[in-house]
Amino acid sequence: MGSNKADVEVSYDISNDFFRLWLDERMNYTSAVYENWDQSLEAAQLNKLRILSDWAKVTPEKRVLDIGCGWGACLEYVATTRKAKEAVGITLSSAMAEEVNARKIPGVKCVSSDFRTWETDEKFDAVISICMMDHLCSPQEAREGKAIDIYRNYFKKVYELTTPGAQFGLQVILRNRTPRRGKDLEDIFWVTHNIFPGGLNPRMEEIIQAVNPYFEVMQVASRREHYQKTTGEWLRRLRLNEKTIVAKWGEKLFQDYDRYLATCVMSFDKHYGSLAQFELRRID
């Protein structure tokens, strides 16, 4: 169901040093939010973390759960900037979990596990999840009409792990229009099956349906253009490091990621994909 550990290793366990060459200094591998189009990627990524932390109502007395925590950018932010009481991250990627735990950020721990089967007695007062939902439902499951039930089970699990009144800052990559041009369709299919196997981006209406009866949608912000600019900046930085990447990891890896990021820029430009941020409040 969705992405398994082997799938996630294809997507994220290539090499931390590889991703460090073209992501921002905190290694956010998700869309930034630009206050203006001249802003640096680093500043725009901080905007994203601030907005989601605001929407999750992260304060010093709260315990925060980060679902799909990546290399720990959000965990570090809520622990050091928001002074959260405790921050727990969960990721299927062993390489990511090792990176987070090796940094020994005060008040932060990272668990390498599948969120869908993870068991814990801990309860959380605030939740953040950034571009993780695309790993929950496979293309085949979506074709079988299972997507909304899969997403609803995800929100149910978040509900069960939280305290009454908990807020949830959620960021999700969305699929929108279907490509009509052969090359566009071919490239998006290639990215789906070669860079992010096992996963599929949800549709906006699926999220809206699936949050019920567990969470109330307080507000939604559409960020399509922001992800287009973010992926464009990643592509620029990747190309600046072409010689290093080819020397260390080979020509094929560079060509694959060049194609993937160029496809992302194209997809957001043509409205095939989008991005949304949700402020959710637990229904009690």
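Residues numbered from 1 in each chain as written. Predicted model: local features only at pLDDT ≥ 70, side-chain atom pairs only at ≥ 80, totals over all residues. Heavy atoms only, no water.

A.B. asks: Explanation requested: unusual backbone geometry in the structure shown.
C.D. replies: Most of the time, phi is negative for any residue but glycine, and the peptide bond is trans. A cis amide bond links Asn212 to the next residue, Pro213, at an omega of 10 degrees. Position of Pro213 among the secondary structure elements: in the loop between helix H9 (204-210) and strand E6 (215-222). A positive phi is found at Lys104, a non-glycine position, where the angle reads about 50 degrees. Of note, Lys104 is situated in the loop between helix H5 (94-102) and strand E3 (108-112). Overall, Lys104 belongs to the exposed group, its relative accessible area being 69%. (Helix = DSSP H or I, 4+ residues; strand = E, 2+ residues; numbered from the N terminus. Buried < 20%, exposed > 50% of the residue type's maximum accessible area, 1.4 Å probe, protein only.)

A.B. asks: Please explain the sheet that holds E3 as it appears in this structure.
C.D. replies: Across a sheet, paired strands are connected by hydrogen bonds in the backbone, their directions being either parallel or antiparallel. If you trace the seven strands from one edge of the open sheet to the other, you get E3-E2-E1-E4-E5-E7-E6, paired in mixed fashion. Looking at which strands have only one partner, the edges of the open sheet turn out to be E3 and E6. Across the sheet, the mean angle from the axis of one strand to that of its neighbour is 15 degrees, orientation sign disregarded. Packing of helix H3 (residues 41-55) onto the sheet brings it into contact with strand E4 (124-130), strand E5 (162-175), E6 and strand E7 (273-282), and relative to E5 it is tilted by some 140 degrees. (Pairing = 2+ DSSP bridges. Axes fitted to C-alpha atoms, helices over the stretch in contact; angles between N-to-C directions. Contact = heavy atoms within 4.5 Å.)

A.B. asks: Whenever I open this one, helix H12 (residues 251-269) confuses me. Can you help?
C.D. replies: Note that an α-helix has 3.6 residues per turn; residues three or four places apart therefore point the same way. The end-to-end C-alpha distance of H12, which contains 19 residues, comes to 27 Å, matching closely the 27 Å that a straight helix rising 1.5 Å per residue would cover. Among all positions of H12, only Leu253, Phe254, Asp256, Tyr257, Asp258, Tyr260, Leu261, Thr263, Cys264, Met266, Ser267 and Phe268 are buried. Once H12 finishes, His271 follows within two positions and takes phi at roughly 65 degrees, a positive value. (Expected span 1.5 Å × (residues − 1).)

A.B. asks: I keep staring at the side chain of Asp24 and nothing clicks. Help me out?
C.D. replies: In this structure, Asp24 sits in the loop between helix H2 (16-20) and H3. With no salt bridge to any partner, buried Asp24 finds its closest opposite charge in Arg26, at an N-O distance of 5.7 Å. Only 3.1 Å separates the side chain of Asp24 from the backbone nitrogen of Arg26, close enough to count as a polar contact. (Lys, Arg positive; Asp, Glu negative; His and termini not counted. Salt bridge = Lys/Arg side-chain N within 4 Å of Asp/Glu carboxyl O. Polar contact = N/O pair within 3.5 Å; in protein donor to acceptor, adjacent residues only side chain to side chain.)

A.B. asks: Hey, could you run me through the packing of H3 against helix H4 (residues 73-80) in this one?
C.D. replies: In a pair of packed helices, the angle between the axes and the distance between the axes together describe the arrangement. Relative to each other, H3 and H4 sit at 65 degrees, their axes nearing to 10 Å. With respect to the hand of their crossing, H3 and H4 are arranged in right-handed fashion. Between H3 and H4, the contacting residues are Leu46, Leu49, Arg50 and Ser53 on the first element and Ala73, Cys74, Tyr77 and Val78 on the second. Partitioning the contact of H3 with H4 into residue classes produces six nonpolar, one polar and one charged. (Left-handed = near helix turned anticlockwise from the far one by under 90°. Nonpolar A, V, L, I, M, F, W, Y, C, P; charged D, E, K, R; others polar.)

A.B. asks: Would you take a moment to explain the environment of Leu23 for this structure?
C.D. replies: Here Leu23 shows up in the loop between H2 and H3. In sequence terms Leu23 and Thr230 are 207 residues apart; their C-alpha atoms lie 9.5 Å from each other.

A.B. asks: Can you help me understand the pairing of E4 in this one?
C.D. replies: In the case of a regular strand, side chains alternate between the two sheet surfaces. Summarising burial for E4: six of the seven residues are buried, a large majority. Bridge count for strand E1 (residues 63-67) against E4 is four bridges, and the pairing is parallel. Considered in E4, the bridge of Leu65 is made with Val127. The pairing of E4 with E5 spans six bridges and is parallel. Note that in E5 the partner of Ile128 across the bridge is Gly169.

A.B. asks: Got a minute to help me understand the nonpolar core in this structure?
C.D. replies: Most often, soluble globular proteins keep nonpolar side chains buried together rather than apart. In terms of nonpolar packing, the biggest core is built from 52 residues, with Phe19, Trp22, Tyr29, Leu238, Tyr257 and Tyr260 touching the most fellow members. Per-element accounting of this core gives the leading share, seven residues, to H12. In terms of nonpolar packing, the next biggest core, distinct from the first, is built from 31 residues, Val88, Phe168, Leu170 and Phe278 among them. (Core = buried A, V, L, I, M, F, W, Y, C linked by side-chain atoms within 4.5 Å.)

A.B. asks: Could you clarify how one ought to interpret the state of the cysteines in this entry?
C.D. replies: Note on terminology: disulfide describes a covalent bond linking the sulfur atoms of two cysteines. Counted under the stated rule, the structure contains zero disulfides. Unpaired in this structure, Cys264 has its nearest cysteine sulfur neighbour in Cys131, at a distance of 11 Å. With relative accessibility at 16%, the residue Cys264 sits in the buried group. (Disulfide = S-S within 2.5 Å.)

A.B. asks: Mind showing me how you'd approach the packing of H3 against helix H10 (residues 224-240) here?
C.D. replies: Packing of H3 against H10 leaves a shortest axis separation of 11 Å and a crossing angle of 145 degrees. Between H3 and H10 lies a crossing whose hand is left-handed. Residues Leu41, Glu42 and Gln45 of H3 lie in contact with H10, whose contacting residues are Thr230, Glu233, Trp234 and Arg237. A per-class count over the contact of H3 with H10 returns two nonpolar, two polar and three charged.

A.B. asks: Can you walk me through the packing of aromatic side chains in this structure?
C.D. replies: The relative placement of two aromatic rings is captured by the distance of their centres and the angle of their planes. If you walk through the whole model with that rule in mind, you get 24 aromatic pairs. Relative to Tyr214, the ring of Tyr159 has its centre 5.6 Å away and its plane inclined at 55 degrees; by these criteria the two rings are tilted. Of this pair, Tyr159 sits in helix H7 (residues 147-160) while Tyr214 is found in the loop between H9 and E6, placing the two residues 55 residues apart along the sequence. We classify Tyr159 as partly exposed; its relative accessible area is 23%. (Phe/Tyr/Trp six-rings, centres within 6.5 Å; stacked < 30°, edge-to-face > 60°.)

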